[in-house]
Amino acid sequence: MRYILLPALAAACLAQSNFPALRYQVVPDWPALPPHRNFMETAGVAVGAGGQVFVIHRGSTPIMEFTPGGAFVRGWGDGLFDRPHSIRIGPDESIWAVDDGSHTVLKLDRGGRVRMVLGRYRQTSDAKSTMPEPTVDASLRGMRDEGVVRFNRPTDVAFGANGDIFVADGYGNSRVMKFDKNGKFIKSWGTRGSAPGDFHTPHSIAVDKQGRVYVADRENYRIQVFDSEGKHLAVWSGIGSPWGLALSNDGHVFMSDGYNNRVLKLTMDGKVAGAFGSFGKTAGSLHYCHQIAVDASGAVYTAEILNWRAQKFVPR
């Protein structure tokens, strides 16, 4: 397999941020789409335990699966989504898709069948217009009598080691919603604002093996860290605008800085270990990198809204 080297990307990154340059190179012509198939706005990418890569985009056949080498495996999902926003792999290797257009989070099996629905299709809630949130078992923000928790343009989903589900209820409500593995609502935290624990567009979410919850607080230009019950632990700032988060096997947080068209690698205490990427339209450059994923080998996959593509970068 051949690669395109990207010295210009490293130089541009250093000039822009003074962060150390990460030595990554793009895999050209990855993935290999079938004839007459295209991505449109490409919102998300995820990697399964076996290395399979899943891409979600805003066109026909919205979910597509590829081998690590980029060969097309299959596609599905027509009619399920209004505006796909994120794709993740659950602890049981199920596929989870977040649709901010229809305000739903879907769990799908590998056959493409829906196995769980969180939220109510094309119905929203406004956290500001409902009663203050009391105890877990009382009337809940975003919940009506039939027991359906509603979102307002959710953005991402993540999973605890015990199967708990964390949803970034992002554009409309600026909060995190927590469910158990069976989809039962547990609690929520956060509101629109800039104080510690507040959010302005929680755009991505990830959970590490210790149960710490990392939230990409996009419009506040920071990552916030919580324990699994919502206790505020830390704020990471000075890193640009976090759009997408992914945890790597070597104990780092990878972050797509969408406004600055780059990818950052951070230590688990929020220090920037390095960065790569710059604005552009050609292979190896980025334009609105929306979500990222990291596989077991350390390869980084990106999904770009304005370049209508997914890319694969490997360490060199």
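For the structure itself, look to the data block above.
Quick caveat, the model's predicted, so the values are computed rather than measured.

Analysis parameters
Residues numbered from 1 in each chain as written. Predicted model: local features only at pLDDT ≥ 70, side-chain atom pairs only at ≥ 80, totals over all residues. Heavy atoms only, no water. Helix = DSSP H or I, 4+ residues; strand = E, 2+ residues; numbered from the N terminus. Contact = heavy atoms within 4.5 Å. Areas by Shrake-Rupley, 256 points an atom, 1.4 Å probe, with all protein chains shown as cover. Salt bridge = Lys/Arg side-chain N within 4 Å of Asp/Glu carboxyl O. Buried < 20%, exposed > 50% of the residue type's maximum accessible area, 1.4 Å probe, protein only. Pairing = 2+ DSSP bridges. Axes fitted to C-alpha atoms, helices over the stretch in contact; angles between N-to-C directions. Phe/Tyr/Trp six-rings, centres within 6.5 Å; stacked < 30°, edge-to-face > 60°.

Peer 1: An account of the overall build of the protein chain is needed here, citing residue identities and associated values.
Peer 2: Along the protein chain, the regular secondary structure elements total one helix and 24 strands. Across the protein chain, contacts joining residues at least 24 apart in sequence account for 46% of those joining residues at least 6 apart. Total accessible area on the protein chain stands at roughly 12,800 Å², and carbon and sulfur atoms take up 51% of it.

Peer 1: So what's going on with the pattern of salt bridges? Residues and values would help.
Peer 2: For the coordinates displayed, the defined rule picks out 20 salt bridges. Residue Arg 74 pairs with Glu 65 through a salt bridge whose shortest N-O separation is 2.7 Å. On the accessibility criterion, Arg 74 (24% relative accessible area) is partly exposed. Since its relative accessible area comes to 7%, Glu 65 is described here as buried. Ionic contacts of the salt-bridge type, sharing partners, join the residues Asp 164, Lys 178, Lys 187 and Glu 229 into one network.

Peer 1: So what's going on with the sheet that holds strand β16 (residues 222-226)? Which residues, and what values?
Peer 2: Overall, antiparallel pairing links the four strands, which are arranged β14-β15-β16-β17 in an open sheet. Across the chains shown, the open sheet's two edge strands, defined by having one partner strand only, are β14 (202-207) and β17 (232-237). Averaged over all pairs of adjacent strands, the angle between strand axes in this sheet comes to 20°, irrespective of strand direction. Relative to β16, strand β15 (residues 213-217) runs antiparallel, the two being bridged by five bridges. Within β16, the position partnered with Val 213 by the bridge is Phe 226.

Peer 1: I'd like to hear about the sheet that holds strand β11 (residues 165-169), residue by residue, with values.
Peer 2: Sheet architecture is open: four strands sit in the order β10-β11-β12-β13, paired in antiparallel fashion. Only two strands of the sheet have a single partner each, and these edge strands are β10 (156-159) and β13 (185-189). Along the sheet, successive strands turn relative to each other by an average axial angle of 20°, direction set aside. Pairing of β10 with β11 involves four bridges; the strand directions are antiparallel. Among the inter-strand pairings, Ala 158 is bridged to a residue of β11, identified as Phe 166.

Peer 1: Give a detailed account of the packing of aromatic side chains, specifying residues and quantitative values.
Peer 2: For the coordinates displayed, the defined rule picks out 17 aromatic pairs. The interplanar angle of 75° and the centroid separation of 6.0 Å between the aromatic rings of Phe 151 and Phe 179 together place this pair among those described as edge-to-face. Of the two residues, Phe 151 is situated in the loop between β9 (114-119) and β10 and Phe 179 in strand β12 (residues 175-179); the sequence distance between them amounts to 28 residues. Classification of Phe 179 as buried rests on a relative accessible area of 2%. Taken together, a centroid distance of 4.8 Å and an interplanar angle of 65° make the contact between Trp 243 and Tyr 288 edge-to-face. Of this pair, Trp 243 sits in strand β18 (residues 242-247) while Tyr 288 is found in the loop between β21 (272-276) and β22 (289-294), placing the two residues 45 residues apart along the sequence. With relative accessibility at 4%, the residue Trp 243 sits in the buried group.

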